[in-house]
Amino acid sequence: MNDPGKNEQIEDRAKTLFDESVERLDAATLSRLNQGRHKALETDSLEMFEDLEFYTLLDEVDQETNGNVG
């Protein structure tokens, strides 16, 4: 059975690790993330979805190349 208390501990630990990793990001990465966030919020920006499909395809090809086929 799932222990709700244990699940909450895992969630808290994951959040802490994520927050710490974000704090260690360099300025260039933070800038790129911020630019991407702003681009995503533009209502007329469908180009982002075209790019997303392209990067998803690249990721799939990379996984196949590395033998990580699901």
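Residues numbered from 1 in each chain as written. Predicted model: local features only at pLDDT ≥ 70, side-chain atom pairs only at ≥ 80, totals over all residues. Heavy atoms only, no water.

Draft legend 1. Examining the overall build of the protein chain more closely. Secondary structure summary: the protein chain contains three helices and zero strands in total. In the protein chain, the succession of helices and strands from N to C terminus is α-α-α. Per-residue burial over the protein chain gives 1% buried out of 70 residues. Here the protein chain displays about 6700 Å² of accessible surface, and carbon together with sulfur accounts for 54% of that area. (Helix = DSSP H or I, 4+ residues; strand = E, 2+ residues; numbered from the N terminus. Buried < 20%, exposed > 50% of the residue type's maximum accessible area, 1.4 Å probe, protein only. Areas by Shrake-Rupley, 256 points an atom, 1.4 Å probe, with all protein chains shown as cover.)

Draft legend 2. Focus on the pattern of salt bridges. Scanning all chains against the criterion turns up one salt bridge. Between D19 and K15 there is a salt bridge whose closest N-O contact spans 2.7 Å. Placement of the pair is D19 and K15 together in helix α1 (residues 4-23), with a separation of four residues, close to one helical turn. Judged by its relative accessible area of 30%, D19 falls in the partly exposed class. (Salt bridge = Lys/Arg side-chain N within 4 Å of Asp/Glu carboxyl O.)

Draft legend 3. Spatial organisation of a nonpolar patch on the surface. Taken together, the side chains of F18, V22, L25, L30 and L33 present a nonpolar region at the surface, about 410 Å² in accessible area. Counting through the fold element by element, F18 comes out in helix α1. Residue F18 is classed as exposed on the basis of its relative accessible area, which comes to 52%. (Patch = residues over 30% accessible without salt bridge, like charges linked within 9 Å, V, L, I, M, F, W, Y side chains within 5 Å.)

Draft legend 4. Region of interest: helix α2 (residues 27-41). The terminal C-alpha atoms of α2, which comprises 15 residues, lie 21 Å apart, in line with the 21 Å expected from a rise of 1.5 Å per residue. For α2, the side-chain oxygen to backbone nitrogen distance between the N-cap and A28 is 3.1 Å, and the N-cap itself is D26. (Expected span 1.5 Å × (residues − 1). Polar contact = N/O pair within 3.5 Å; in protein donor to acceptor, adjacent residues only side chain to side chain.)

Draft legend 5. A negative patch on the surface, seen in detail. On the surface, a cluster of negative charge is made up of D59, E60, D62 and E64. Tracing the backbone through its elements, the reader meets E64 in helix α3 (residues 47-65). (Lys, Arg positive; Asp, Glu negative; His and termini not counted. Charge placed at Lys NZ, Arg CZ, Asp CG, Glu CD.)

Draft legend 6. How the structure looks around the confidence of the model for the protein chain. Of all residues in the protein chain, 84% have pLDDT values of 70 or greater, and the mean over the chain is 82. At the level of individual helices and strands, the protein chain shows its lowest average pLDDT in α3, which scores 77, and its highest in α1, which scores 92. (pLDDT = per-residue confidence, 0-100.)

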